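# Analysis of the macromolecular model
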Amino acid sequence: MRNQIARISLFALMVSSIIWLGAVNVRAVIGNELLNFGTLQFKTNLDAELEGEVFRLISLSSVIVIGGYLGTFASAIFFVSTTTLPFKQNGWLMMSAILFFMFSPVEFYTLYLDWKMISLDFFFNPSLTDFRVLFIHRLAALAGVPMIALLSYYTIVGLVVWQPMKK
C-alpha cells in the first residue's frame, strides 16, 4: 500500500510541478512586457489599458502558480514520506529534496505577495500605481533569492533526469 501511495504522489508531483514551473515561466514572459530590458523601470510608452490588462494576466497566471506550487509541495511531502527508495543510496533524491524544501519559505513568501496581487485585482478597484508598487516589490523581494530558488528547481530537473550519485 505504501508503494502505491508513493507512486500516486510521484505522479501528482510530476504533474503539479510541470504546471507550476510552466506558469512561472509564462508569468515571467508576461511581466517582461512591462519593464525596460535589464531594469526594474517601467516602459514609458505603454497605454494604461494595456498595462492594466498585463497586470490582470499576471494575477491570473499567479492563480495557477499558487495552485501548482501547493500541489507540488503537498505531493513532495507525501512522496518523500512514503517512498521506499533509500536516500543514502540515491544521492540525487536527497539533493532534490534538500533543494526543494530549502527554498519553501522563500516560495511561501512570494506566494503571499502573489496572493496580494490576486486579491488586489479581483476584490478591489486598484489604480495602476498600486499594481506597479506591488509588482516591483514582488520582483525585488528578498534581494534575488527567488531567482536563485528558480535556478535550483531547474537543477532538480537535471538531478532527476540524470540521477548522479546513485549507488
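Scroll up for the structure.
In this convention, every chain numbers its residues from 1, walking through the sequence in written order. Confidence filtering applies because this is a predicted model: local features only for residues at pLDDT of at least 70, side-chain atom pairs given and counted only at 80 or more, and all residues used for totals across whole chains, interfaces and linings. Each side-chain value is derived from all of the structure's non-hydrogen atoms; neither hydrogens nor water enter the calculation.

## Some words on the pattern of salt bridges
Just to be clear on terms, a salt bridge is a Lys or Arg side-chain nitrogen sitting within 4 Å of an Asp or Glu carboxyl oxygen. Summed over the entire model, instances satisfying the criterion amount to four salt bridges. In this structure, arginine 27 engages aspartate 114 in a salt bridge whose closest nitrogen and oxygen atoms are separated by 2.8 Å. Pair noted here: arginine 27 is in helix H1 (residues 2-32) and aspartate 114 is in helix H4 (residues 104-123), with a separation of 87 residues, a long-range link. For aspartate 121, the salt bridge goes to arginine 56, with nearest N and O atoms at 3.1 Å. On the criterion of sequence distance, the pair formed by aspartate 121 in helix H4 and arginine 56 in helix H2 (residues 48-82) is long-range, its members being 65 residues apart. Counting from the N terminus, the helices are the DSSP runs of H or I reaching at least four residues and the strands are the DSSP runs of E reaching at least two.

## Here we look at the nonpolar core
What is meant by a nonpolar core is a set of buried Ala, Val, Leu, Ile, Met, Phe, Trp, Tyr and Cys residues, joined one to another through side-chain atoms within 4.5 Å. The rule is simple: take the accessible area with a 1.4 Å probe, protein chains only, and divide by the maximum for that residue type; under 20% is buried, over 50% is exposed, in between is partly exposed. The biggest cluster of nonpolar side chains holds 21 residues, and the ones touching the most others in it are Trp20, Val65, Tyr69, Phe100 and Tyr153. Of all elements in the fold, only H1, H2, helix H3 (91-102), H4 and helix H6 (145-162) reach the threshold of two or more residues within this core. Should any heavy atoms of two residues lie within 4.5 Å, those residues are considered in contact. Setting aside anything within four residues of it in sequence, one finds valine 65 in contact with Trp20, Ala23, Val24, Arg27, Leu111 and Asp114.

## Focus on unusual backbone geometry
One non-glycine residue, leucine 142, adopts positive backbone phi at about 55 degrees. The residue leucine 142 is located in the loop between helix H5 (128-139) and H6 in this model. Positioned with a positive phi, glutamine 163 is a non-glycine residue whose angle comes to about 45 degrees. If you trace the backbone, glutamine 163 turns up in the segment after H6.

## With respect to the packing of aromatic side chains
Stacked, edge-to-face and tilted labels apply to pairs of Phe, Tyr and Trp rings (six-membered ring for Trp) whose centres lie within 6.5 Å, assigned for plane angles under 30 degrees, over 60, and everything in between, in that order. All chains considered together, the criterion is met by 15 aromatic pairs. On the numbers, 6.3 Å between centres and 85 degrees between planes, the contact of tryptophan 20 with phenylalanine 100 is edge-to-face. Note that tryptophan 20 is positioned in helix H1 and phenylalanine 100 in helix H3, a separation of 80 residues in sequence. Phenylalanine 100 sits in the buried class, given a relative accessible area of 8%. Ring centres of phenylalanine 55 and phenylalanine 131 lie 5.1 Å apart, and the angle between their planes is 10 degrees; on these two criteria the pair is classed as stacked. In this pair, phenylalanine 55 is assigned in helix H2 and phenylalanine 131 in helix H5, connecting sequence segments 76 residues apart.

## Topic: the side chain of serine 61
By the element assignment, serine 61 lies in helix H2. Residue contacts for serine 61: discarding those within four places in its chain leaves Ala23 and Arg27.

## Focus on H4
Each helix should span, by expectation, one fewer than its residue count multiplied by 1.5 Å. For H4, built from 20 residues, the straight-helix expectation of 28 Å at 1.5 Å per residue is met to within 8% by its first-to-last C-alpha distance of 27 Å. Buried within H4 are the following residues: Ser104, Val106, Glu107, Thr110, Leu111, Leu113, Asp114, Met117, Ile118, Ser119, Leu120 and Asp121. Where H4 is buried, its residues meet H1, H2, H3, H5 and H6.

## Some words on the packing of H3 against H6
Running from N to C, H3 and H6 cross one another at 165 degrees; their axes reach a closest spacing of 9 Å. Comparing the axis directions of H3 and H6 gives the class roughly antiparallel. Relative to H6, H3 is oriented so that their crossing is left-handed. Side by side, H3 and H6 meet where Trp92, Met95, Ser96, Leu99 and Phe100 of the first sit next to Ser152, Tyr153, Thr155, Ile156, Leu159 and Val160 of the second. Partitioning the contact of H3 with H6 into residue classes produces eight nonpolar, three polar and no charged. Note on definitions: angles span 0 to 180 degrees between N-to-C directions of axes, and those axes are lines fitted to C-alpha atoms, for helices only across the stretch in contact. We call two directions roughly parallel when the angle between them is under 35 degrees, roughly antiparallel when it is over 145, roughly perpendicular when it lies between 65 and 115, and oblique otherwise. A crossing counts as left-handed when the near helix is turned anticlockwise from the far one by less than a right angle, and as right-handed when that turn is clockwise. Lys, Arg, Asp and Glu make up the charged group, whereas Ala, Val, Leu, Ile, Met, Phe, Trp, Tyr, Cys and Pro make up the nonpolar group; the residues left over, Gly among them, are polar.

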